[in-house]
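Listed here are the chains, written in short residue letters.
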Amino acid sequence: MTARQRHIAHLHLHAALSEAQCADVIELVSGITPHVRAVPPNAVQLDLTSALRYFGLSPYDVVQLAKLRLKALYGIDSSAGLAGNRMLAAMAADASAQGDTTWIRDGQAATWLYPRPVTALPGIGRATVETLNKYGLHTIGQIADMPAVTLQRLLGVGSARLLAERARGHDPRPVSPSEPTANLVADLMLERDCLDPAQHHRAVLGLAEQIGRRLRGESQVAGRLTLTVRYADLPHSQLRSSGGTPISTTRTRALSEPTNHSPALAAVSLSLLTSLGLQRARVRSFAIRADRLVPARSAYRQLSLDSGDTRARAAEVAADRARRRFGPEAVRPAALAD
């Protein structure tokens, strides 16, 4: 039985993305395939192999679908590479103009790779390139055709073996999620300094909702929240810093149990906001940081006899599914509606 041909897509996003926007992009493309990996600072890789049968499309058309969703929902232009492994897909994306997709089909890797300069291979340092050029080796094809013993004499056994594998277009690495982050941060800079407690409440609620959505997208739960409020330069002494520089206040609270449930995160965040007593404070920005992150599957959860809690969590799952399909603004809490 022959191994199934892999189809890996590398999407280069032509935009400077914040951490929150990166999470939104990952959530969006996860609606196409669960095999997604972020490639900082502005790229993402997808293993489309198992998704092709579901969509009933060619690999190229599935890539176009992903690009169309990114453009329609977030206004992000992208170029893409499509190949049988991660390295070739990334190289194909690098060779694509904005908006284009380069597809290296099965059996075409050598034809596409060999004329390219050695510097096009990922992870090749300047010293290695200078050594190869010194001996008249300038293209990937020259490296691929060189006897292993000769290449080992030039670069050493380990480096020569890795370079030869790359020059032949081999890359067995799977598309697996990146290592989980130590914390998640959502922040909001207000359009103008704000005195309105209702607007403060709305801002913090929106950030808590955003943190919950990102935690669920990464299958993680948080054990602690920190709220940071940055103030405008106010005349009263308790909020005034030397030199007229805005100051900030921070409050941290451990959760009763690790969670990614947005209402629970919002309750704690709003409690932190209340503890600050900002009735007369002119606020410039808010930030919420979630840390003590652990995988959701390994976290405990207190059993509840409240059927309303069960229904709320089921509704949250449905809302997340709708956001993945129609965009992050498809479903929002009523308190955040315009």
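This one's a predicted model, so the numbers in the text were calculated from it and none came from an experiment.

A. Expanded view of the overall build of the protein chain. Looking only at helices and strands, the protein chain features 12 helices and 10 strands. Buried positions account for 42% of the 338 residues belonging to the protein chain. When contacts within the protein chain are restricted to residue pairs at least 6 apart in sequence, those whose partners lie at least 24 apart make up 70%. A total accessible area of about 18100 Å² is found for the protein chain, and carbon and sulfur atoms account for 52% of it.

B. Here's a closer look at the environment of Leu88. Note that Leu88 resides in helix 4 (residues 86-94). You can call Leu88 buried: its relative accessible area is 4%. Sequence spacing of Leu88 and Gly169 is 81 residues, and the spatial spacing of their C-alpha atoms is 6.7 Å. Those residues in contact with Leu88 that sit more than four places away from it in its chain are Ala83, Ile104, Ala109, Leu113 and Gly169.

C. Highlighting the packing of aromatic side chains. Within the structure shown, the criterion is met by 2 aromatic pairs. Ring centres of Tyr54 and Phe55 lie 5.1 Å apart, and the angle between their planes is 90°; this geometry places the pair in the edge-to-face category. In this arrangement the basic side chain of Arg105 is found over the ring face of Trp103, its NZ or CZ atom lying 3.9 Å from the centre. Seen from the ring of Trp112, Arg116 lies directly overhead, with NZ or CZ sitting 3.8 Å from the centre.

Criteria and cut-off values
Residues numbered from 1 in each chain as written. Predicted model: local features only at pLDDT ≥ 70, side-chain atom pairs only at ≥ 80, totals over all residues. Heavy atoms only, no water. Helix = DSSP H or I, 4+ residues; strand = E, 2+ residues; numbered from the N terminus. Buried < 20%, exposed > 50% of the residue type's maximum accessible area, 1.4 Å probe, protein only. Contact = heavy atoms within 4.5 Å. Areas by Shrake-Rupley, 256 points an atom, 1.4 Å probe, with all protein chains shown as cover. Phe/Tyr/Trp six-rings, centres within 6.5 Å; stacked < 30°, edge-to-face > 60°. Lys NZ or Arg CZ within 6 Å of the ring centre and 35° of its normal.

Shape descriptors only; they carry no functional weight alone.
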